[in-house]
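Observations on the model geometry
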Number of protein chains: 2
Amino acid sequence: MEKQKIYNFSAGPAVLPEVVLKEAAEAVVNYDNHSMSILEMSHRSAPIVDMITETRQLIHQFLNVPDNYRILFLQGGASLQFSMIPMNILTDDVTADYTDTGAWSAKAIKEARIYGKVNVVCSSKETVYNHIPKDFEQSSDQVYLHITTNNTIYGTQWFEFPDANGFLVSDMSSDIFSRPIDVSKFGIIYAGAQKNMGPAGVTIVILREDLIGKSGRDLPAMLDFAIHSEKDSMFNTPPVFAIYVVNRTLHWLNHLGGIEEIFEQNKAKAKLLYGEIERNPIFKSPVAKEDRSLMNVPFIFANGGDEKDFLNYCAKRGLVTLKGHRSVGGFRASIYNAMPKEGVKNLVDAIQNYSQS
Amino acid sequence: MEKQKIYNFSAGPAVLPEVVLKEAAEAVVNYDNHSMSILEMSHRSAPIVDMITETRQLIHQFLNVPDNYRILFLQGGASLQFSMIPMNILTDDVTADYTDTGAWSAKAIKEARIYGKVNVVCSSKETVYNHIPKDFEQSSDQVYLHITTNNTIYGTQWFEFPDANGFLVSDMSSDIFSRPIDVSKFGIIYAGAQKNMGPAGVTIVILREDLIGKSGRDLPAMLDFAIHSEKDSMFNTPPVFAIYVVNRTLHWLNHLGGIEEIFEQNKAKAKLLYGEIERNPIFKSPVAKEDRSLMNVPFIFANGGDEKDFLNYCAKRGLVTLKGHRSVGGFRASIYNAMPKEGVKNLVDAIQNYSQS
């Protein structure tokens, strides 16, 4: 009997392309015929420097990053950026505006408050973050406006970016490389790798050069964008293996047809799943229709039901890690770039059949 | 023809045991028969939580860590600890004493100065860090005394730890798990993984519980030992794969006979190599005899010579990454735990034969 194919709907760390996993495994034993594991190779050796440079170029190309931006590979996840960004950018004479659209936004706000004036310009907290606020007033002395482009837990996504008084700063951890974006609207984009591009352990930061080195603070070297930028992310040993997996994922994406193509695929997958959730009387979406994320799809029983039973039913079909986050309940299907359409189809079938049983 | 075996003498990222690389590669495709890659699995899933817990237990067991210490898995390398430690520990009313025994010590000193009173109690800088200073006076209001137990670049190692007025804080990045140590002499031990235990991307911090949460500073969550301790290193997504490689390396070490056994092997390898360098009239060690590191062995031409020629000569024999650090020149053989005795023997042979040619 053929082994059942497993589809992993985890919100992150999340599914990666099969070919990328094979290439990564090979590199752990013998990197690119160098008779050494990538784990053993110096980050300053030519093959690794070349690989990191190429990864930067791929990001540059895919997101059409303007030339006055730097691309950094850092550690500490989005969580460290929550403090690094205000530490480097937020001076005494200005205000940072934050939109509160979920748990991660709220964490970013908390960290920023340590470093300066923070104005929470809008929040959907009272309705369990079930929508993206559209009308809000920004501070007149705003340095930047922070948004979390996709809210993993609540399943909302910004489809239209607001015009910032200053510039946009954005946590794109869970939707980077899933759709085209206009980088020039953003002063800083940051993203942990473990959703749409690689394993936990590397954070990509794309930042406009003119924002570097103006904090007026005596920053530790590891928290200073100026140092990381000057040293091309080699101030200390970068997480080489995690960067390599990002590299291979971007090659996979390139082979597939790039950002425009994956965006079409992501829309198609989401349409399929939301369509069934809408149609099916047993389930419903807790999220405002116009803000429903293409990446994370929470759904709940329309009139109550046995959640464990549905999860078991799915697990038997190889559809796993579908449990919803405790703050929303029910179920959540994360359908990042690397989730094949087949996986979404199987989930839709399961929802259909479950409703019929 | 059989492919030539490559021995990698890199100072870090460095050689790892072959069996560990095979296990790591397998886990990248299918972790422990879960039909998922370890890169795709949630850090909060039972198999990953169990693996991280076991890794902590192995460290506990190997280093005989007393029960009033916590073991954390963080990101950012030793470089981030250079600032995190004073940020968390160094209050206004006390002094941190630092020993200056090399480039990494100097970086730690620079970062600590941002946060409080720092007293550099000794330095071997004037003699290009060729020895470990033995006689120095400590501050009477000392909170801790910082030492770098092994100096990767200069090839010196502390064999006898000083008695601190307060407690010892130590960067053990390049000799952790290479020899038995008495953890109770240290308030904090920290180590980046990429020398003796795994790939770049995870930092182990062992710290005494009573030192947690007393900074009096409003710290960002990611830089607060109290938060990481309370959340068992799961405040944000930890670098799971890097921790897994550490786990397998510790299993390998266990199978080998543990710390006492590897210490004997490390002494034997070092004796072999230093013996030849002493004997051989063409080469010499730049380091004071009593402080010569068991991990990193710099050696230089006694009376000049063509460095490139010797490096090529070695490379042809599969002995690679032997170039010395620019601040010492010559050559450097890093012979960490995972460097087989065979590799050291081959290098000794190369040195012998080269001298005869």
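All figures in this text were calculated on a predicted structure; none of them were measured in a lab.

When helices and strands are tallied, chain A shows 9 helices and 14 strands. On C-alpha atoms alone, chain A measures out to a radius of gyration of 21 Å, which is about the 21 Å that the 2.2 N^0.38 rule sets for 357 residues. C-alpha extents for chain A along the principal axes are approximately 65 × 60 × 30 Å. Across the 357 residues that make up chain A, the buried fraction comes to 52%. Sequence separation of at least 24 residues holds for 65% of the intrachain contacts in chain A that already meet a minimum separation of 6.

A few words on the packing of helix α2 (residues 46–62) of chain A against helix α6 (residues 240–256) of chain A. Residue and element names in this part refer to chain A. Following both chains from N to C, one finds α2 and α6 inclined at 45°, their axes separated by 9 Å at the closest point. Here α6 runs oblique to α2, going by the angle between their axes. At the point where α2 passes α6, the crossing takes the left-handed sense. Across the interface between the two elements, Ile48, Met51, Ile52, Glu54, Thr55, Leu58 and Phe62 from α2 touch Val240, Ile243, Tyr244, Val246, Asn247, Leu250, Leu253 and Asn254 from α6. For the contact of α2 with α6, the residue count by class is 11 nonpolar, 3 polar and 1 charged.

All names here are of chain A. Overall, mixed pairing links the 7 strands, which are arranged β2-β10-β9-β8-β5-β3-β4 in an open sheet. The open sheet has two edge strands with one neighbour each: β2 (69–74) and β4 (117–123). Taken over all neighbouring pairs, the strand axes of this sheet differ in orientation by 20° on average, direction set aside. Bridging between strand β3 (residues 95–100) and strand β5 (residues 142–148) involves 4 bridges; their strand directions are parallel. Across the sheet, Tyr98 pairs through a bridge with His146, a residue of β5. Contacting β3, β5, β8 (167–171), β9 (186–192) and β10 (203–208), helix α3 (residues 77–89) crosses the sheet at an angle of about 155° to β9.

Taken together, a rotation about one axis and a shift along it account for how the two chain copies relate. Once turned by 180° and shifted 0.0 Å along the axis, chain A lies on chain B with an RMSD of 0.0 Å. The transformation just described matches what one would write down for a two-fold rotation axis. Identified as the residue of chain A closest to the rotation axis by C-alpha distance is Ala25(A), at 2.1 Å. Of the residues that chain A buries at the interface, 98% are likewise interface residues in chain B, meaning the two copies contact each other through the same surface.

Let's shift gears to the sheet that holds strand β12 (residues 296–301) of chain B. All names here are of chain B. Overall, antiparallel pairing links the 3 strands, which are arranged β11-β12-β14 in an open sheet. At either end of the open sheet lies a strand with only one pairing partner, and these are β11 (283–284) and β14 (331–334). Where β12 lies against β14, 4 bridges are found, and the strand directions are antiparallel. Within β14, the position partnered with Asn296 by the bridge is Ser334. The strands that helix α7 (residues 258–279) touches are β11, β12 and β14; relative to β12, the one it contacts most, it runs at about 10°.

Next up on the list: the interface of chain A and chain B. Across the boundary between the two partners, chain A contributes 48 residues, which contact 47 residues of chain B. Counting only elements with at least two residues in the side of chain A that touches chain B, the list comes to α1 (18–29), α3 and α6 of chain A. When residues of the side of chain A that touches chain B are assigned to their parent elements, the largest contribution, 6 residues, is made by α1(A). Taken together, the residues of the side of chain A that touches chain B sort by class into 27 nonpolar, 17 polar and 4 charged.

What counts, and at which threshold
Residues numbered from 1 in each chain as written. Chains lettered and ligands numbered in written order. Predicted model: local features only at pLDDT ≥ 70, side-chain atom pairs only at ≥ 80, totals over all residues. Helix = DSSP H or I, 4+ residues; strand = E, 2+ residues; numbered from the N terminus. Rg over C-alpha atoms; globule rule 2.2 N^0.38 Å. Buried ≥ 20, exposed ≤ 12 C-beta atoms within 10 Å, placed from the backbone. Contact = placed C-beta atoms within 7 Å. Axes fitted to C-alpha atoms, helices over the stretch in contact; angles between N-to-C directions. Parallel < 35°, antiparallel > 145°, perpendicular 65-115°, else oblique. Left-handed = near helix turned anticlockwise from the far one by under 90°. Nonpolar A, V, L, I, M, F, W, Y, C, P; charged D, E, K, R; others polar. Pairing = 2+ DSSP bridges. Least-squares fit on C-alpha atoms with pLDDT ≥ 70 in both.

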